[in-house]
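The primary structure of each chain is shown beneath.
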Amino acid sequence: MNLHKFFNLIHRSPVDKDLHLLLSMKQLYKFRSIYFFILLFTVAILCTVTWKTSAAHNGLWKFDRFLTVRLVIGTDTTKPVIKTDTTAKPGIDTSGRKEKIDTFSLKISKDSLDAPLKYSAEDSAVVLIQDKKILLYGKTKTDYKDITLTAPKVEVDQQTQVVTAVNRKDSTGEIIETAHFKSGESEFSSDTIRYNFKTQIGLTKNTYTQDGEIFVHGDQAKKVNETTTFIRKARFTTCNLDDPHFAFVTPKMKVINKKLAVSGPAHPEFEGVPVPVYLPFGFYPLSQGRHSGLLPPHFATNEQYGLGLEGLGYYKVISNYWDVRFYGNLYSYGGWTFNVNPTYRKRYRYSGTFTFSVQNTKLNFKGDPDFLKNRSYNISWNHSVDGKARPGTSFSANVNAGSTKFNELVPNSTQRNFQNQLGSSIAYSKSWAGKPYNLTISANHNQNNLTRLINLNLPDAGFSVSTLYPFQKKESVGATKWYEKLGIGYNGNFRNQVSFYDTAFRLKQLIDTLQWGAQHNFPLSVALPPIAGGAIIVSPGVSWSQVWIAQKFRRTWNPATKKVDTSITKGFFMDNQVAFSLSLNTAIFGTYQFKKSRIVAIRHVIRPSFAFNYRPDLSKKHFYKTQVDTTGNYFFEFSEFEGALYSGFSKGRTGGISFQLDNNLEMKWRSKKDTGDNAIKKVKLIDGYGFSTAYNFLADSMKLSFFSLYLRTTLFEKISITAYSILDPYQTDERGRDINKYAWQGGGFKPGRLTTGSISISSNFQSKPRDSKKEEQRKKNEQLRLSDPDLAGDQQRLLEYMQQNPSEFVDFNIPWRISFGYSLSFTNRLKSDFSGFEKDFSSNINLNGGFNLTPKWNFSANGFYDFDTKKLQTFSMSISREMHCWQMSINITPVGLYKYFSFSINPKAAVLQDLKINRTRSFPNF
């Protein structure tokens, strides 16, 4: 092709006589004459660009103050071009010469862009040289700095530096593809986008954008800078549908990305129907992370407290490590609560949360027979330290203490109403690196809200020394001597305790209940080699223990009152014990093989343990007998250290043998779903079962100890069963007391009687999730939330809220679920008149479950039934409705200390969590 044909080609205009330059790399390669280079150089100057065209219509505009143009046709531009001097004489090294490249510089206008503008199109690209425009068709993409624009059709104007993107419609006029704009963290879709790369100002029509959980739709939007956008006729919602279920409509709105949105007068609409409730203006925080602000309340109605506002307060961010919530409730009958809840966290160091609550309760109105006025307090504190922060040192706190009436008077919380046991622990521990010492100091608290008894242990200290081998050589030479394996250790505890009733708290009474005590234990052991080829492990040991006791407790018969009186003597008392032991342990395995069966084998493992022991009677002087009835024929033996922190040691010499037999059963079976080794599955039939007892050769009577029986297993990897019991092998007299006669003596075989026992069965079942990927993502999010120390305070508040509002956290991805727990226990109790024993039984069952009535409706219930009282102690049920972007729940508690009914409907999005309609009614049941 000559130059004349080339000019005819570029001047040909089939439609509008504009210059259409449609050249491929193969056509460019055909023009090898110098005229083509001159012409192409002229076009480059006119366009002031470096233009490369490929079969995929990719392009690049690069504007700079000086433009360097270099064209190499017919070579790989990704590799450096090396020119060889063919005129060099033989023997002369020319490798050190540098390649000379001819360049030229071109000064560009100051209005040009300061970064490359990249574009691409799947269909075609048309360059209008005279108009200085580029038209892109078919899934186009334009990149400039951090700006990405994708659209069906794009027009780029070089003179104005304005890019225009439009949508694509089908033959019926329906939009099938929109223009999409992304700049940094700002992103939106529109029917039409006009954007100036130089001024970064854009104008869009029919725009959809999302900022956090909020979706905004505007008829017209103007982007004035990287973060600020003005919107006309805006609708904003948290529903992600094209036609949202609800929205707030405002004539004008300003959005600052990741900070806030401000609107003019706004009103809500549901399913496109406007609701005549107007707000004069709107202020919507969009900032990420924590920020201070008011905590809006919700309206509540309570039969005892009256009308109320609950949750009213203020949240304050103090620093990156501290924040605090002040919130409370107000009721029309005069009751109120106030809570202070600071939280703190420092990544990789520590985290914690603290709550102080004051509850001023006024039930019913004055003059009512059931009027009650009470003020109670509660303190909770949770603190944890990252183990890597200070190796060898740890500090933790878990405090839950308060007035014994506090939980009972919390409204609409059945779980807290029945939480009668409270406990606290604050502990500090330290271990020395390279040394066998360990120190623990703690403060503990426990209280019973029914008896109103409170115990405080402060301080509670423990010090231990790991086993030391004083005769072991630093550098062992030859065989180890037996005495070199002789080890000694130490364990010591010191405790101080005060007890009081909150209804009768006085300082003098507090001092009277003060108790202290200490316990010391020095174990001595020798590590001997196994015998019988390693099948039997021999472990001899000697230990000396001592307790320090601060008081004696004595019972004496009072003939005047014909009752047993008690007396307490303060002082410093000690009790000692020395014990010698020799234990033998082994394991016996038995396997039964099956043939022509899916069951491959059953293995039985028996672990017997024998221990020979001797303990002299060093505590006989601390036991006494006292008359307990008016006839004077019956005496009971008591210990004078009864009721002490460390109650001393048992009476009598011990010289005998103790025996324990532990078993477990396992089975191997062949699965039909797999082949080869993968088909063999191992299942535990019984995790463990057995018994333990002892025989004292030196006892005067009743030499055989009680039998302790136990069983634990998990059936089908679902049903957990645990059982425990005490078997008494002796016969009893008419008052139920043991006599020195075995149960199997006197005719007929009887192994004994069960004096104490318990059995518990629990399990949970649920269907497979509808969407397995959604379930996996939920578990990952939950694990992340639990492991992130920055979310420790939020996690605690969320758990408390979930316990009070379980219906708001229904997982519709699980069609059904059910869990249950059954417990049965019994014990022999001494009658109050010491006339004998009686057996007390206690059994109960708790159920919890739910199922989806439809994919959008869920029913759940939970209850607790006491078989002893034959009453349903607690029962509550709820119905939940999944409404895509909203959720509704109805809760009913017809049984319990408080009967209540609640109805709530609220959006799911956290940004609108306070937009909640709630109706609650409660009725006392006492």
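Please refer to the structure placed before this passage.
Residues numbered from 1 in each chain as written. Predicted model: local features only at pLDDT ≥ 70, side-chain atom pairs only at ≥ 80, totals over all residues. Heavy atoms only, no water.

Enquirer: What am I meant to see in the overall build of the chain here?
Expert: Counting its secondary structure elements, the chain contains seven helices and 52 strands. Counting only residues that meet the buried cut, the chain has 34% of its 926 residues in that class. Across the chain, every contact between residues at least 6 apart in sequence was considered, and the portion connecting residues at least 24 apart equals 51%. Surface summary for the chain: the accessible area is close to 56000 Å², and the carbon and sulfur share equals 57%. (Helix = DSSP H or I, 4+ residues; strand = E, 2+ residues; numbered from the N terminus. Buried < 20%, exposed > 50% of the residue type's maximum accessible area, 1.4 Å probe, protein only. Contact = heavy atoms within 4.5 Å. Areas by Shrake-Rupley, 256 points an atom, 1.4 Å probe, with all protein chains shown as cover.)

Enquirer: What exactly am I supposed to notice about unusual backbone geometry here?
Expert: With the exception of glycine, most residues fall at negative phi, and the peptide bonds are largely trans. Of note, the bond from Leu 458 into Pro 459 is cis; its omega dihedral lies within 30 degrees of zero at -10°. With respect to the helices and strands, the residue Pro 459 is situated in strand β30 (residues 453-468). Even without glycine at this site, Lys 139 takes up a positive phi of about 45°. With respect to the secondary-structure elements, Lys 139 resides in strand β4 (residues 133-144). Given a relative accessible area of 54%, Lys 139 falls into the exposed group.

Enquirer: Would you mind showing me how to read a positive patch on the surface here?
Expert: Positive charge collects at one region of the surface, where Arg 607, Lys 668, Lys 682, Lys 684 and Arg 712 lie side by side. By secondary structure assignment, the location of Lys 682 is in strand β40 (residues 680-696). Overall, Lys 682 belongs to the exposed group, its relative accessible area being 57%. (Patch = residues over 30% accessible without salt bridge, like charges linked within 9 Å, V, L, I, M, F, W, Y side chains within 5 Å. Salt bridge = Lys/Arg side-chain N within 4 Å of Asp/Glu carboxyl O. Lys, Arg positive; Asp, Glu negative; His and termini not counted. Charge placed at Lys NZ, Arg CZ, Asp CG, Glu CD.)

Enquirer: Just to check I follow, could you spell out the environment of Trp 816 for this structure?
Expert: As for its placement among the helices and strands, Trp 816 is situated in strand β46 (residues 816-830). Owing to a relative accessible area of 40%, Trp 816 belongs among the partly exposed residues under this scheme. When the C-alpha atoms of Trp 816 and Gly 850 are compared, they prove to be 5.7 Å apart, with 34 residues separating the residues in sequence. Residues within four places of Trp 816 in sequence aside, it is in contact with Phe 765, Gln 766, Ser 767, Gly 850 and Phe 851.

Enquirer: How should I be thinking about the environment of Lys 222 in this particular structure?
Expert: Here Lys 222 shows up in strand β13 (residues 214-223). Sequence spacing of Lys 222 and Thr 204 is 18 residues, and the spatial spacing of their C-alpha atoms is 6.4 Å. Those residues in contact with Lys 222 that lie beyond four places of it in its chain are Ile 201, Gly 202, Leu 203, Thr 228, Thr 229 and Phe 230.

Enquirer: Could you clarify how one ought to interpret the side chain of Thr 237 in this entry?
Expert: Mapped onto the secondary structure, Thr 237 falls in strand β14 (residues 228-237). A polar contact is formed between the side chain of Thr 237 and the backbone nitrogen of Cys 239, at a distance of 3.0 Å. Of note is the side chain of Thr 237, whose polar atom sits 2.6 Å from the backbone oxygen of Phe 246. (Polar contact = N/O pair within 3.5 Å; in protein donor to acceptor, adjacent residues only side chain to side chain.)

Interpretation in functional terms is not warranted from these geometric data alone.
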